[in-house]
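Reading the structure
The chain contents come next:
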Amino acid sequence: MRKPLVVALCALALAGAGATPAVAAAPSPTGADTTTGTAPATSLTDVVNDTVGAVADTLSGLTAPKAGAVNFAGTVSLSNCSGSVVRMPDSAASDPALVLTNGHCLESGFPAPGQVLTDRASSRTFGLLNASGAKVATLRANRLVYATMTDTDAAIYRLSTTYAQIKSAYGIDPLTLSNSRPAAGTAISVVSGYWKRIYSCSVDGFAYRLKEGDWTWKDSVRYTSACDTIGGTSGSPVVDDATGKVVAVNNTGNEDGARCTVNNPCEVDANGGVTVRQGINYAQQTYPFTACFTTGNRLDLSASGCTVPKP
């Protein structure tokens, strides 16, 4: 849960001074442009967002790993994070499109422990990317459908456009959420729309509980070390390379080896044992959401099999 806007401003200053683009990889893992319990400085974001985006484009073009079958199509850039246009397994082309990111990426700041937000008005915008990572459109939400940082770290927005309209206008399909739990050893790609960079690694295993500051998440995905995600990759879809489906949403990592603090999550096992893995990054599984949406992409927290936290 780091601050990508600060990262980008530093990159901008260094770029102006003729520094090498390697500084883009310097920040520590994943986060929103927020501080704990407070709202982000949106006025600053508004002023510099276009410039930051341009710098990110330049840096990512120089530092991004080569992408394989997984590409950027359907991913989005937020003012402070990454995300993706997603569909449930049974979503129809005529349904209003959904965007998935992290709960800690909300424009209003971090949800408190135990807090679940549903059905809130929103006019948030997202930069839609094509397969090569170029921005092709600005999409706009009309509702925040769901958001929490309890048990998981996820936010889902509803757009004012349908999947069919996006496909017709830009030739881009949504990513599909898998309705099954990923397995250890699965080859995955973490696709950041903010940095326009793809990280490739495998699922190393799962944390029974992942504790970071005041928040605790359940059954978190642990990456192998190759996915050395940085600030701004929060909210990135984690894609199963074999199926092309989203199995998790990227959200955090242990920066400097501290124990269970903000930016330094620790793993807690079923017996209460604590393990700290410095430099290792994590994601939250997304399959539970597939049981919580019904016809028309309508959220139904009372649906059979829906186990996500409720207000």
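Keep in mind it's a predicted model, so treat the numbers as computed, not measured.

Structural notes on the overall build of the protein
Within the protein, the regular secondary structure consists of three helices and 18 strands. For the protein, the proportion of its 311 residues judged to be buried stands at 53%. Counting contacts in the protein only where the partners sit at least 6 residues apart, residues at least 24 apart contribute 70% of the total.

Considerations on the packing of aromatic side chains
Under the definition given, this model contains four aromatic pairs. Between the aromatic rings of Phe-110 and Trp-215, the centroid separation amounts to 5.6 Å while the plane-to-plane angle is 80°, which identifies the pairing as edge-to-face. Remark: Trp-215 occurs in strand 11 (residues 215-223) and Phe-110 occurs in the loop between strand 3 (96-101) and strand 4 (116-121); sequence separation between them is 105 residues. With relative accessibility at 9%, the residue Phe-110 sits in the buried group. In this structure, Arg-209 packs its charged tip against the face of Tyr-208, placed 4.1 Å from the ring centre.

Quick look at the environment of Val-238
As for its position among the elements, Val-238 is in strand 12 (residues 237-240). C-alpha separation for the pair Val-238 and Ser-189, spaced 49 residues apart in sequence, amounts to 5.7 Å. The contact partners of Val-238, leaving out residues within four places of it in the chain, are Ile-188, Ser-189, Val-190, Tyr-223, Lys-245, Val-246, Val-247, Ala-248, Val-249, Asn-250 and Ala-283.

So, the confidence of the model for the protein
Caution applies to low-pLDDT parts of the model: their predicted coordinates are not meant to be read in detail. Taken as a whole, the protein shows an average pLDDT of 85; of its residues, 78% reach a score of 70 or greater. This stretch, residues 5-67, has a pLDDT under 50; its non-local contacts, to residues over four places away or in other chains, come to 119 contacts.

Thoughts on the state of the cysteines
Across all of its chains, the model carries four disulfides by this definition. Here Cys-81 is linked by a disulfide to Cys-105, with a sulfur-sulfur distance of 2.1 Å. In this structure the cystine formed by Cys-81 and Cys-105 twists about its S-S bond by roughly -85°; its chirality is therefore left-handed. Of this pair, Cys-81 sits in the loop between strand 1 (75-77) and strand 2 (82-87) while Cys-105 sits in the loop between strand 3 and strand 4, placing them 24 residues apart in sequence. Just as Cys-81 is buried, Cys-105 falls in that class too. Cys-201 shares a disulfide with Cys-227; S-S distance 2.1 Å. With the S-S dihedral at roughly -100°, the linkage between Cys-201 and Cys-227 falls on the left-handed side. A residue pair is termed long-range when its members are at least 10 positions apart, and Cys-201 in strand 10 (residues 197-212) and Cys-227 in the loop between strand 11 and strand 12 qualify at 26 residues. Residue classification places Cys-227 among the buried positions, given a relative accessible area of 1%. When the cysteines of the protein that form disulfides are numbered from the N-terminus onward, they connect as 1-2, 3-4, 5-6, 7-8.

A look at the pairing of strand 11
With eight bridges connecting them, strand 10 and strand 11 associate as antiparallel partners. Within the sheet, the bridge partner assigned to Val-203 lies in strand 11 and is Tyr-223. The turn linking strand 10 back onto strand 11 is made up of two residues, and Gly-213 within it adopts a positive phi angle of 60°.

Some points on the environment of Val-85
When you line up the elements, Val-85 lands in strand 2. Classification of Val-85 by relative accessible area gives buried; the value is 4%. The spacing of Val-85 and Thr-75 is ten residues in sequence and 6.1 Å in space, taken between C-alpha atoms. When near neighbours in sequence (up to four residues on either side) are disregarded, Val-85 contacts Gly-74, Val-76, Ala-97, Leu-98, Val-99, Leu-128, Leu-139, Tyr-163, Pro-174 and Leu-175.

A few points about the pattern of salt bridges
Working definition: two side chains of opposite charge can pair if their charged atoms are close together. According to the stated counting rule, one finds eight salt bridges in the structure shown. Salt-bridge contacts for Arg-143 lead to Asp-119; the nearest nitrogen and oxygen are separated by 3.1 Å. Taken together, the residues Arg-143 in strand 6 (residues 135-148) and Asp-119 in strand 4 connect sequence positions 24 residues apart. The salt bridge partner of Glu-267 is Arg-277, with a shortest N-O separation of 2.8 Å. Of this pair, Glu-267 sits in strand 14 (residues 266-268) while Arg-277 sits in the loop between strand 15 (274-275) and strand 16 (281-285), placing them ten residues apart in sequence. For Glu-267, a relative accessible area of 7% translates into the label buried. The class for Arg-277 is partly exposed, based on a relative accessible area of 30%.

Cut-offs applied
- Residues numbered from 1 in each chain as written.
- Predicted model: local features only at pLDDT ≥ 70, side-chain atom pairs only at ≥ 80, totals over all residues.
- Heavy atoms only, no water.
- Helix = DSSP H or I, 4+ residues; strand = E, 2+ residues; numbered from the N terminus.
- Buried < 20%, exposed > 50% of the residue type's maximum accessible area, 1.4 Å probe, protein only.
- Contact = heavy atoms within 4.5 Å.
- Phe/Tyr/Trp six-rings, centres within 6.5 Å; stacked < 30°, edge-to-face > 60°.
- Lys NZ or Arg CZ within 6 Å of the ring centre and 35° of its normal.
- pLDDT = per-residue confidence, 0-100.
- Disulfide = S-S within 2.5 Å.
- Pairing = 2+ DSSP bridges.
- Salt bridge = Lys/Arg side-chain N within 4 Å of Asp/Glu carboxyl O.

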